Amino acid sequence: KKTGNVFVEYQSRGKKSGIATSEADYYAFEIDNTYILISLEKLTKACRKYIGTGRDTLGGDSNTSKGILLPISELV
């Protein structure tokens, strides 16, 4: 909530992970007691446009994961 973004992982330690390997139909985010449900298809589409931009960044434990800093506004 503080940054206005969620981190959506797609790679960890050089291997596909997160949304790149998920078999889920939907993802759920909890932000300040508000729950947002989004289909994996829509989440992936929202993230794709940020590949290779400043929002495509390292994160997670010891910055070993790659992901997209997706604006929360794009989840709704």
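All of the points below concern the structure found in this document. (Residues numbered from 1 in each chain as written. Predicted model: local features only at pLDDT ≥ 70, side-chain atom pairs only at ≥ 80, totals over all residues. Heavy atoms only, no water.)

Attention now moves to the overall build of the chain. Regarding its fold elements, the chain presents one helix and six strands. For the chain, the sequential pattern of α-helices and β-strands runs β-β-β-β-α-β-β. The C-alpha radius of gyration of the chain comes to 12 Å, within 12% of the 11 Å expected for a compact globule of 76 residues. Contacts in the chain between residues far apart in sequence, at least 24 positions, make up 53% of those at least 6 positions apart. Carbon together with sulfur atoms contributes 48% to the accessible area of the chain, which is approximately 5,300 Å² in total. (Helix = DSSP H or I, 4+ residues; strand = E, 2+ residues; numbered from the N terminus. Rg over C-alpha atoms; globule rule 2.2 N^0.38 Å. Contact = heavy atoms within 4.5 Å. Areas by Shrake-Rupley, 256 points an atom, 1.4 Å probe, with all protein chains shown as cover.)

On to unusual backbone geometry, then. Positioned with a positive phi, Arg13 is a non-glycine residue whose angle comes to about 50 degrees. On the basis of relative accessibility, which here comes to 61%, the residue Arg13 falls in the exposed class. (Buried < 20%, exposed > 50% of the residue type's maximum accessible area, 1.4 Å probe, protein only.)

Among the nonpolar cores identified, the biggest contains 17 residues, and Val6, Val8, Phe29, Leu43, Leu70 and Leu75 are the most heavily contacted of them. For this core, the elements supplying multiple residues, two or more each, are strand S1 (5-12), strand S3 (26-31), strand S4 (34-39), helix H1 (40-48) and strand S6 (65-71). Considering each element in turn, this core owes the most residues, four residues, to H1. The contact partners of Leu75, leaving out residues within four places of it in the chain, are Val6, Phe29, Ile31, Ile36, Ile38, Leu43 and Leu70. (Core = buried A, V, L, I, M, F, W, Y, C linked by side-chain atoms within 4.5 Å.)

Before going further, it helps to examine the pairing of S6. Among the seven residues that make up S6, five are buried, leaving the element largely enclosed by the rest of the structure. Pairing geometry for S1 and S6, over seven bridges, is antiparallel. From the neighbouring strand, Asn5 faces S6, where its bridge partner is Pro71. Judged from the four bridges that link them, strand S5 (residues 56-59) and S6 form a sheet pairing that is antiparallel. (Pairing = 2+ DSSP bridges.)

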